[in-house]
Amino acid sequence: MSGLRAGAAVVSIEPPLPSDPQGFVRRAVAVRDAIDSCQVRACVIQNGDYTLALLAADVTNLDTYFADRVRKAITAATGIPYENILLNSSHTHAGLWPRKAGEKLHGEFAQLTDAENAYFEKIPYDYASACVKAISRMKPARISGGTGIAPGIAVNRRERDGKGGTILGWNKENFIDEEVPTIRIDSHDGSAIATLIGFGCHPVVLGGEVPYAGSDFLGPLRNHVELLRGGTCIFFQGAAGNILPLEAFFDTPGPEIAFGQRLALEAVHAVVDNDPREIDIEHIAYGSVTPISLYRRKARAQQGAQPISSKRKVLQLPLNPSLTVADMERELTERSNDYAAKERAGEGRQVLNPIRYHISWLTEMLKMAALGPLPEEVPGEIWVARLGDCAIVGTPGELFTEIGAEVRKRSPFATTIFAGYCQGVLGYVSTPEEYQWGGYEPTVAQRGYGHPAPFAPEASRILIEESLALLQQLHA
């Protein structure tokens, strides 16, 4: 028997109702129902005294404060070392965003409600519970991987506006990683324990007008994989920073099901023929009127070793220069006047929320600037794990698709899942080539994450090379 053991489990983390999902700034009304169950899903893998915990949850993001609390809760409940835990957020725009700050920019309620705060306080223990359940279900396991492709369902969203700038839409010339790396974890009897899937695409098949909490295309994806394979499906959101569904922002439910099921079919197809067990073909003599040879696949009683390991590194990611205090004060005055005028005119939160987005950031940055120089870099963690001949890379932001694709292409492992939105999520990381085109991601998106400026162009190269260095160390 191989010393490898694995178990997987699911815990519901449905938001309280009413509450404000945090994916659409223009969302003006809280949700009062759910389209499906938001969940945290865990896979715990053990070999000897070394244990890894891989978790993914239907939250918009986790900030660094709550990511730290979640990992500490898991360690306290299970003994799994803090550094051996990966947390991935699905980035569903119909979920909540556990974060320390009390003010919200999205939805009906200007401040976090008591129910939302209670939800945030409980969520570290929900993650821990998922790990405890997964450990109780551990059994001897084997791991294999494969990579499929799902063309045409998602697009690079950096559409040029014809004026030298960029809007969110569809850039048919820009690259998109359409591959679907998948890791299959089975028990020794051939039954599925878990299916781990990586793909980078914003979960916004449904738009902010849909009045439900939920997972977007993730629930249909997981349900379909489990229908076909059994076990527990865990989706790791990838390098989705500049990727949208081709058909996005529907105002009624339904289209997310087809998207999820298409992705599920490709993931299952990628691993369906890759039995992770070491198999012999057994010959059986059989016959009646004429001799017949029969053949049967049979798993070896002794399965070879499959190593597991992980490494992490905290990087200092550089920021671009911030606005001057004078520029921020000037913009704050303009935004505040605009807000007051629109409020007097009777505009609703769908108009006022986007203005508050900027006012809140400017106010906070001016407070920080009054205390000292604004930060010029932000710490962020990269995390990598080896699972036999497969690997998972976890990175702390909304990284552009080109970044994840390069890491996977240069990885020394046969199958590599690249996950963004891991540990504490820090915001968008663009490729250097895209800064000249401006637009949301390399210009203003950092305001939602509370940074004084976007990440500098060299941040993407730092993340790529440091991720590959850790992969090489694990492979060696």
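Here is a short report on the structure shown in this document. Keep in mind that this is a model prediction, so the values were computed, not measured.

**Focus on the environment of Ala419**
Summarising the element assignment, Ala419 is placed in strand E19 (residues 415-419). Classification of Ala419 as buried rests on a relative accessible area of 0%. For the pair Ala419 and Cys38, spaced 381 residues apart in the sequence, the C-alpha separation amounts to 19 Å. Look past the residues within four positions of Ala419 in its chain and what remains in contact with it is Asn88, Phe236, Gln237, Gly238, Val393, Gly394 and Thr395.

**Structural notes on the packing of helix H5 (residues 325-344) against helix H6 (residues 349-371)**
Contact geometry for H5 and H6: axes closest at 9 Å, N-to-C directions at 150°. Relative to H6, the element H5 lies roughly antiparallel. Seen along the crossing, H5 lies across H6 with a hand that is left-handed. Contacts from Val325, Met328, Glu329, Glu331, Leu332, Arg335, Ser336, Asp338, Tyr339, Lys342 and Glu343 in H5 reach Val351, Leu352, Ile355, Arg356, His358, Ile359, Trp361, Leu362, Thr363, Met365, Leu366 and Ala369 in H6. Classifying every residue of the contact of H5 with H6 by side-chain character gives 13 nonpolar, three polar and seven charged.

**Side note on the nonpolar core**
Grouped together as the largest cluster of nonpolar side chains are 31 residues, with contacts concentrated most on Leu55, Ile74, Leu87 and Tyr127. Elements with a minimum of two residues in this core: strand E1 (4-12), strand E2 (39-47), strand E3 (50-57), helix H1 (64-78), strand E4 (85-89) and helix H2 (114-136). Counting residues per element, this core draws most heavily on H2, which supplies eight residues. When residues no more than four places from it in sequence are discounted, the contact partners of Ile74 are Leu55, Gly79, Ile85, Leu87, Tyr127, Ala128 and Cys131. Membership of the second largest hydrophobic core comes to 29 residues, among which are Phe400, Val429, Leu468 and Leu471.

**Here's the deal with empty space enclosed by the protein**
Using the criterion set out here, one finds four cavities of 30 Å³ or more in the structure. Taken together, 13 residues make up the lining of the largest cavity; nearest its centre are Asp177, Phe199, Gly200, Ala239 and Arg408. At the level of secondary structure, the elements contributing two or more residues to the lining of the largest cavity comprise strand E9 (179-187), strand E10 (192-199) and helix H7 (401-410). Top element by residues in the lining of the largest cavity is H7. It accounts for four residues. Taken together, the residues that form the lining of the largest cavity break down as five nonpolar, five polar and three charged. Residue lining of the second largest cavity: 13 residues in total, with Ala94, Leu206, Val210, Tyr212 and Asp216 positioned closest to the centre. Across the lining of the second largest cavity, the residue classes break down as seven nonpolar, four polar and two charged.

**Section: the side chain of His451**
You can see His451 is positioned in the loop between strand E20 (428-429) and helix H8 (458-475). Those residues in contact with His451 that sit more than four places away from it in its chain are Trp361, Met365, Val378, Leu426 and Gln446.

**Some words on the environment of Arg330**
Within the fold, Arg330 resides in helix H5. Each C-alpha atom of the pair Arg330 and Leu206 lies 36 Å from the other, and the pair is 124 residues apart in sequence.

**A short note on a nonpolar patch on the surface**
On the surface, Leu227, Leu228 and Leu265 cluster together into a nonpolar patch covering about 310 Å² of accessible area. Summarising the element assignment, Leu228 is placed in helix H3 (residues 218-229). Since its relative accessible area comes to 45%, Leu228 is described here as partly exposed.

The rules we used
- Residues numbered from 1 in each chain as written.
- Predicted model: local features only at pLDDT ≥ 70, side-chain atom pairs only at ≥ 80, totals over all residues.
- Heavy atoms only, no water.
- Helix = DSSP H or I, 4+ residues; strand = E, 2+ residues; numbered from the N terminus.
- Buried < 20%, exposed > 50% of the residue type's maximum accessible area, 1.4 Å probe, protein only.
- Contact = heavy atoms within 4.5 Å.
- Axes fitted to C-alpha atoms, helices over the stretch in contact; angles between N-to-C directions.
- Parallel < 35°, antiparallel > 145°, perpendicular 65-115°, else oblique.
- Left-handed = near helix turned anticlockwise from the far one by under 90°.
- Nonpolar A, V, L, I, M, F, W, Y, C, P; charged D, E, K, R; others polar.
- Core = buried A, V, L, I, M, F, W, Y, C linked by side-chain atoms within 4.5 Å.
- 1 Å grid on protein atoms, 1.4 Å probe; cavity = no way out; pocket = protein on both sides within 12 Å on 5 of 7 lines; lining within 4 Å.
- Points joined across faces, edges and corners; volume = space filled by probe spheres on them.
- Patch = residues over 30% accessible without salt bridge, like charges linked within 9 Å, V, L, I, M, F, W, Y side chains within 5 Å.
- Areas by Shrake-Rupley, 256 points an atom, 1.4 Å probe, with all protein chains shown as cover.
- Salt bridge = Lys/Arg side-chain N within 4 Å of Asp/Glu carboxyl O.

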